[in-house]
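Here is how the chains run, residue by residue.
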Amino acid sequence: MNFACSAWRLAKGTMAAGLLAATALAAGMASAQAQADSALSGTLAKVRSAGAVTVGYRESSVPFSYLNSRKEPIGYSIELCRQLVDAMGDAVHKTLAIRWVPVTSASRIDAVANGQVDMECGSTTNNLERQKRVAFSPTMFVSGTKLLVKKGSPVKGYRDLAGKTVAVTSGTTNEKTMKDLSERFKLNLNIVVSADHAESFSLVKAGKADAFATDDVLLYGFIAEDKAASRGQSDYEVVGDFLSYDPYGVMFRKDDPQMSKLINESFQMLAQEGEIERQYKRWFLRKLPSGTSLDLPMSPQLETILQTMSVKSE
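Not measured: the values here are computed from a predicted model.

Draft legend 1. View of helix α2 (residues 42-50). Taken together, the buried positions of α2 are Thr43, Leu44 and Val47. What you see down the axis of α2 is that its buried residues fit within an arc of 100 degrees, all on one side. Here the buried face of α2 lies against β1 (52-57), α3 (76-92), β15 (251-253) and α9 (257-272). Backbone geometry just downstream of α2 places glycine 51 in the positive-phi region, at approximately 75 degrees.

Structural data, given as structure tokens:
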């Protein structure tokens, strides 16, 4: 009887010690987590508190960021940004929801700079002027300004546009490119500025503009969607030489070293694991949800950028 009581007391003491140790460990882990969370700053602190990342998306930038038939954001940029949201969740030790906010070419930079969105995932060119207000991820695509015209149009390049009407989208680098060309070469262009790419394209369709000037890949996207709607035929083509150089990136707020480090490291890992290349093939070489494909192989410039990005710095 005494032996049994002693054994029970010993077991009880052991259990109590184990419980105390477990409690102390849990408290220590909680304290360490609290310290880690308190060390967060900028966007990461914001999303941890909110439990969500606010992502700006475009409604008609095929195949980067646009709406499917269910009005859900899809595309190449959207998929890469989903990966970034996962990385942000890992960094703040919390599953983060995505709050989608539509932006336009004209509103997107203000939306990032003013905190309306945490990231902008579209088809946005990274240049020195924009870097004064926002930050950019590593390059995820390389494009340039070209012209979309109706088949049979006499316009084969920008010099053929003298005195003609050109549609551009507000807030794009293409708008500035065409204004600079018009002034430099005395083309006397009638430049019509639209709210979004779909509206610019509709001006050419309606015969109200002779050409639509924007990044070539977006023009191929419109032609692909037009082919799908017309059952395999399109009345439009892309013509002329490149009129600008436009490297695309994901936008986020400036002066945020934690966010900058996370995005740079995430892109490096996505390049190393081949995820960027896989997403490229999905959105540029395979059939889009509409049933057609852009059939646009990766450019040598982007191949080189991804190869360089995948090399881990010492």
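Draft legend 2. Region of the structure containing the packing of aromatic side chains. Counting across every chain of the model gives 16 aromatic pairs. Ring centres of phenylalanine 201 and phenylalanine 222 lie 4.9 Å apart, and the angle between their planes is 35 degrees; on these two criteria the pair is classed as tilted. Here the residue phenylalanine 201 occupies a position in helix α7 (residues 197-205), and phenylalanine 222 occupies one in helix α8 (residues 216-229), the gap between them amounting to 21 residues. The exposure classification of phenylalanine 201 matches that of phenylalanine 222, with both residues buried. A connected cluster of aromatic rings, assembled from ring pairs, spans Phe64, Tyr76, Phe141, Tyr248, Tyr280 and Phe284. The residue whose ring lies beneath lysine 146 is phenylalanine 242, and the NZ or CZ to ring-centre distance is 4.5 Å.

Draft legend 3. Here's a closer look at the side chain of serine 143. Take serine 143: it is sitting in strand β8 (residues 141-143). Looking at serine 143, its side chain comes within polar contact range of the side chain of aspartate 216, at 2.6 Å. For serine 143, the residues in contact, after removing those within four places along its chain, are Asp215, Asp216, Val217, Phe242, Ser244, Tyr245, Asp246 and Tyr248.

Draft legend 4. The environment of proline 138, seen in detail. Tracing the sequence through the fold places proline 138 in the loop between β7 (134-136) and β8. With 168 residues separating them along the chain, proline 138 and leucine 306 place their C-alpha atoms 9.3 Å apart. Leave out the neighbours within four places in its chain, and proline 138 touches Tyr248, Gly249, Ile263, Asn264, Phe267 and Met309.

Draft legend 5. Representation of the pairing of strand β11 (residues 190-194) within the structure. Direction of pairing for strand β10 (residues 165-169) relative to β11: parallel, over a ladder of five bridges. Looking at the pairing, valine 166 lines up with isoleucine 191 of β11. Regarding topology, helix α6 (residues 173-184) serves as the crossover connection from β10 to the parallel β11, and that connection is right-handed.

Draft legend 6. The state of the cysteines, seen in detail. Under the criterion given, the structure shown has one disulfide. Across the disulfide from cysteine 81 sits cysteine 121; the S-S distance is 1.9 Å. Here the disulfide of cysteine 81 and cysteine 121 is left-handed, its torsion about the S-S bond being about -100 degrees. Note that cysteine 81 is positioned in helix α3 and cysteine 121 in strand β6 (residues 119-121), a separation of 40 residues in sequence. By relative accessible area, which is 2% here, cysteine 81 ends up buried. For cysteine 121, a relative accessible area of 0% gives the class buried.

Draft legend 7. The arrangement of the environment of leucine 296 in detail. Mapping leucine 296 onto the fold places it in the loop between α10 (275-285) and α11 (300-309). Spatially, the C-alpha atom of leucine 296 lies 5.4 Å from that of phenylalanine 284, the residues being twelve residues apart in sequence. Residues contacting leucine 296, with those up to four places away along its chain left out, are Phe141, Val217, Tyr220, Tyr280, Phe284 and Leu285.

Draft legend 8. A look at the side chain of serine 244. In this fold, serine 244 is placed in the loop between β13 (236-239) and β14 (246-248). Side-chain polar atoms of serine 244 contact the side chain of threonine 145, separated by 2.6 Å. Engagement of the side chain of serine 244 in a polar contact is seen with the side chain of aspartate 246, the distance being 2.6 Å. Contacts of serine 244, omitting those with residues within four sequence positions, involve Ser143, Gly144, Thr145 and Thr177.

Draft legend 9. Structural detail: the sheet that holds strand β9 (residues 145-150). Overall, mixed pairing links the five strands, which are arranged β11-β10-β12-β9-β13 in an open sheet. Strands at the two margins of the open sheet, each flanked by one partner only, are β11 and β13. Taking each pair of neighbouring strands and ignoring which way they run, the sheet shows an average axis angle of 30 degrees. Across the face of the sheet, α7 comes into contact with β9, β10, β11, β12 (211-215) and β13 while running at roughly 150 degrees to β12. Contacts between α8 and the sheet are confined to β9, β12 and β13, with β12 contributing the most and set at about 120 degrees to the helix.

Cut-offs and rules
Residues numbered from 1 in each chain as written. Predicted model: local features only at pLDDT ≥ 70, side-chain atom pairs only at ≥ 80, totals over all residues. Heavy atoms only, no water. Buried < 20%, exposed > 50% of the residue type's maximum accessible area, 1.4 Å probe, protein only. Helix = DSSP H or I, 4+ residues; strand = E, 2+ residues; numbered from the N terminus. Arc of directions from axis to C-beta. Contact = heavy atoms within 4.5 Å. Phe/Tyr/Trp six-rings, centres within 6.5 Å; stacked < 30°, edge-to-face > 60°. Lys NZ or Arg CZ within 6 Å of the ring centre and 35° of its normal. Polar contact = N/O pair within 3.5 Å; in protein donor to acceptor, adjacent residues only side chain to side chain. Pairing = 2+ DSSP bridges. Right-handed = clockwise from strand over helix to strand, strands pointing away. Disulfide = S-S within 2.5 Å. Axes fitted to C-alpha atoms, helices over the stretch in contact; angles between N-to-C directions.

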